[in-house]
Amino acid sequence: MRSTTPRAAARRVAGALAAVGLLAAGSLALGAPARASGPVMGFGGPAETALHPYPATGAPQGTSLAITVDNPLRDEEHGGFTGAYTVTFDLGGIAGVADAGFGTDGRADGGTDCTVTGTTGVCHGEGLAPGPNPLPELRFTAAEGSEEGDSGTVRVTGTADGVTFAPFTTRIGIGGPDLVMRRAELKRELVPGQTQPVPLAFSNDGTRAADGVLLTLVYTRGIEFTERYENCVYSEDDGGLGFTVRTTALCSVEGSFEAGAAYELAEPLTLRATRRAYRDTFVYRVDEGGPGVRAAQRSGARSAPGSKGNVLELTELPAARSADLDPGDNQQENAFSTANTADFVAYGDTADGMVGSTVEADIGFRNEGPAWIGGLDAGEPAATVDFTVPRGASVTGWPDACRGVTADGRSREQQAGAPRYRCTAPAAVREDGGLGLHFDLRIVEAVTGASGTVEVRGAGDPPLPFDPDRRNDTAALVLNADTSGTSGGAGSTGGSGDTGPTTSGSTGGSSATGGSASSGSTGTTGPAGPGPRTGGSLAATGTDALTAAGAAAAALLAGGVLYVSGRRTVR
């Protein structure tokens, strides 16, 4: 065994797998907490890890084990643990089966220091944030003299003052199935309504047969499959936003899938680009389908069975590839671009007030479709709203999604009373959704018909690439309008003159004076974009470990950050 000091690259692995949940390579087992007076910490990690058998020549291939220390508290301010802790790995159960050691590239993120001495591994760290805290990866190789089918267990325990740790056990085995999903060659440039066959295929490049398989299919809002199957369970994920962002199908296929063989769907799936498609992603994965895997994959899903009578089946192919025990190749991803448009329409408002009073204004944009907009470059905002404040008014309350800038667009330290505000839309906006922004303005000078502009455009200065109609990208906010029929302000510049959303915007919440507008707004379809202040922001949600082929899809599907807006006013 090796005794070294590691760096926790585990944050990368555990973050990818744990954030995906239902796309993880195998089931995650969590230590069950015991009764205790203080906080109870658990451990997370795979229930079983397979190793490539010890080779006849050359060095054995290693496999990493990603273990997390799980703090069940979720309050960042009050739920963190700041003390020192120790995690111990009892490796005696794998003696003669596998050799273990930590990496040789330094300390872990956050200062966690781990070593292996004999049959014991020890990690010393300090501070545990709420949620999973990755430890440095523990690397395993098959021990010399071990044989196919050998296995043993690693027991993980922890200690800290005032904290109880629930022990965790994981099994290490020699040999096993290695399911490799093959990449489907699909058309990437689509038009709404277009369909194409999806002939999924995989091989078992491992050392033993897989007892059933579980196919995981995840597809975003703009695409769909034309048929549902009896042996699939479907769940629609809204991320708490009130509308479906993606659909997941978990399809169980029984049978023995032999080592050295390859398999494909008996009949290809049929994928269709819907009327709302624009930028979409399809992720497909294969795992061994034992009962534990299926239970873990389905855990927490709001799901429904597929249609009666139609069964997803697999047939064997004549050829397979050489062994390659690598869980990273179980999953593939395809990104699609559909020739479609979305019409982002800016809207303004009107308000009246005496000098010294504070008025409220709701401005923003709505998406009149037909496409939903999501999966842009690596989480880039779907749009920016540029608001120029009317003459004679001073902003006292603004949304979290907005920042005050100078009249020529430069950064400004003082946010209240700025002449101009730039507001960031979320990374995805559904069709018939949009972004509403609530401002409080103090009337400091009597100016009849004072007009400010509301413009929706790209995240930088360019026009929106999916919006062919620029005539309605600008609207006006008019204060104390001249009811005689003339206006002393600039009016709407190049826009539709729209002064409000066509459907209900926000209700509830209170206006703020002397600072950012307060939270409490509720919308008709879901929350809107984030900002630097509290109120009106949407916390990050993430669920899928995606390949680098779609950085945008990683933000949309994985765990990264997903912001999706319905028509809601942000205060």
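Up top is the structure.
Owing to the predicted nature of the structure, the values given are computational and were not obtained by experimental measurement.

Asker: How should I be thinking about the overall build of the protein in this particular structure?
Answerer: Assigned secondary structure in the protein consists of three helices and 41 strands. Taking all 571 residues of the protein together, 52% fall into the buried category. Counting only contacts in the protein whose residues sit at least 6 apart along the sequence, the fraction spanning at least 24 positions is 79%. In the structure as shown, the protein presents an accessible area of about 23700 Å², 48% of it carried by carbon and sulfur atoms.

Asker: Is there a simple way to explain the environment of Phe81 in this structure?
Answerer: Tracing the chain through its elements places Phe81 in strand E6 (residues 81-90). Taking the relative accessible area as the measure of exposure, Phe81 reaches 16% and is therefore buried. In sequence terms Phe81 and Leu128 are 47 residues apart; their C-alpha atoms lie 4.9 Å from each other.

Asker: Quick question: what am I supposed to make of the environment of Leu441 here?
Answerer: Along the chain, Leu441 falls in strand E37 (residues 434-443). Judged by relative accessible area, Leu441 falls into the buried class, the value being 0%. Separated by 38 residues in sequence, Leu441 and Leu479 have C-alpha atoms that sit 9.8 Å apart. Excluding residues that lie within four positions of it along the chain, Leu441 makes contacts with Ser357, Thr358, Val359, Ala361, Phe387, Val389, Pro390, Ala393, Ser394, Val395, Thr396 and Leu477.

Asker: Would you take a moment to explain the packing of aromatic side chains for this structure?
Answerer: Aromatic ring pairs are reported here in terms of the distance separating the ring centres and the angle at which the planes meet. The tally for this structure, following the rule as stated, stands at 14 aromatic pairs. Between Phe257 and Tyr263, the aromatic rings sit 4.9 Å apart at their centres with planes inclined by 80°, giving edge-to-face as the arrangement. Taken as a pair, Phe257 and Tyr263 share a single burial class, namely buried. Taken together, Tyr219, Phe225, Phe282 and Tyr284 form an aromatic cluster joined through their ring pairs. Its guanidinium or amino end placed over the ring of Tyr234, Arg228 lies 4.2 Å from that ring's centre, counting from NZ or CZ. The ring of Tyr278 has Arg279 sitting right over it, with the charged end atom 4.1 Å from the ring centre.

Asker: Explain the sheet that holds strand E7 (residues 98-102) to me, please; I cannot follow it from the model alone.
Answerer: Within a sheet, neighbouring strands are paired by backbone hydrogen bonds and run either parallel or antiparallel to one another. On the basis of which strands lie adjacent, the open sheet formed by three strands has the order E4-E11-E7 and antiparallel pairing. Each of the sheet's edge strands pairs with one partner strand only, and the pair in question is strand E4 (63-65) and E7. The average angle at which neighbouring strand axes cross in this sheet is 35°, direction not considered. One ladder, built from five bridges, connects E7 with strand E11 (residues 138-142); its direction is antiparallel. Across the sheet, residue Phe102 finds its bridge partner in E11, namely Leu138.

Asker: Is there a simple way to think about the pattern of salt bridges in this case?
Answerer: Two side chains of opposite charge can pair, provided their charged atoms sit close to one another. The tally for this structure, following the rule as stated, stands at 15 salt bridges. In this structure, Arg221 engages Glu431 in a salt bridge whose closest nitrogen and oxygen atoms are separated by 2.7 Å. Separated by 210 residues along the polypeptide, Arg221 in the loop between strand E19 (210-220) and strand E20 (223-225) and Glu431 in the loop between strand E36 (428-429) and E37 bring together distant segments of the chain. Exposure remark for Arg221: the relative accessible area of 12% places this residue in the buried category.

Asker: Explain the environment of Gly460 to me, please; I cannot follow it from the model alone.
Answerer: One can find Gly460 in the loop between strand E38 (450-457) and strand E39 (474-479). The class for Gly460 is partly exposed, based on a relative accessible area of 34%. The spatial distance from the C-alpha of Gly460 to the C-alpha of Pro381 is 9.7 Å, given a sequence separation of 79 residues.

Asker: Would you take a moment to explain the side chain of His438 for this structure?
Answerer: Note on placement: His438 falls in strand E37. A distance of 2.7 Å separates a polar atom in the side chain of His438 from a polar atom in the side chain of Asp362. Within polar-contact distance, the side chain of His438 engages the side chain of Asp440 at 3.1 Å.

Asker: Would you explain the side chain of Asp386 in this entry?
Answerer: Positionally, Asp386 belongs in strand E32 (residues 384-388). Note on Asp386: relative accessible area 4%, which makes it buried. A distance of 2.6 Å separates the side chain of Asp386 from the side chain of Arg420, its partner in a polar contact. With sequence-adjacent residues up to four places away left out, Asp386 is seen in contact with Arg420, Tyr421, Arg422, Thr453, Val454, Glu455 and Arg457.

Asker: Just to check I follow, could you spell out the pairing of strand E8 (residues 113-117) for this structure?
Answerer: Looking along a regular strand, one sees the side chains alternate between the two faces of the sheet. Taking every second residue as pointing to the same face, the buried face of E8 carries Cys114 and Val116, while none of Asp113, Thr115 and Thr117 on the other face is buried. Looking at chain direction, E8 and strand E9 (residues 120-128) are connected through five bridges and run antiparallel. From the neighbouring strand, Thr117 faces E9, where its bridge partner is Thr120. If you look at the hairpin formed by E8 and E9, you'll find two residues sitting between the two strands, and Gly118 has a positive phi there, around 65°.

Conventions and cut-offs
- Residues numbered from 1 in each chain as written.
- Predicted model: local features only at pLDDT ≥ 70, side-chain atom pairs only at ≥ 80, totals over all residues.
- Heavy atoms only, no water.
- Helix = DSSP H or I, 4+ residues; strand = E, 2+ residues; numbered from the N terminus.
- Buried < 20%, exposed > 50% of the residue type's maximum accessible area, 1.4 Å probe, protein only.
- Contact = heavy atoms within 4.5 Å.
- Areas by Shrake-Rupley, 256 points an atom, 1.4 Å probe, with all protein chains shown as cover.
- Phe/Tyr/Trp six-rings, centres within 6.5 Å; stacked < 30°, edge-to-face > 60°.
- Lys NZ or Arg CZ within 6 Å of the ring centre and 35° of its normal.
- Pairing = 2+ DSSP bridges.
- Axes fitted to C-alpha atoms, helices over the stretch in contact; angles between N-to-C directions.
- Salt bridge = Lys/Arg side-chain N within 4 Å of Asp/Glu carboxyl O.
- Polar contact = N/O pair within 3.5 Å; in protein donor to acceptor, adjacent residues only side chain to side chain.

Purely geometric stuff here, so don't read any function into it on its own.
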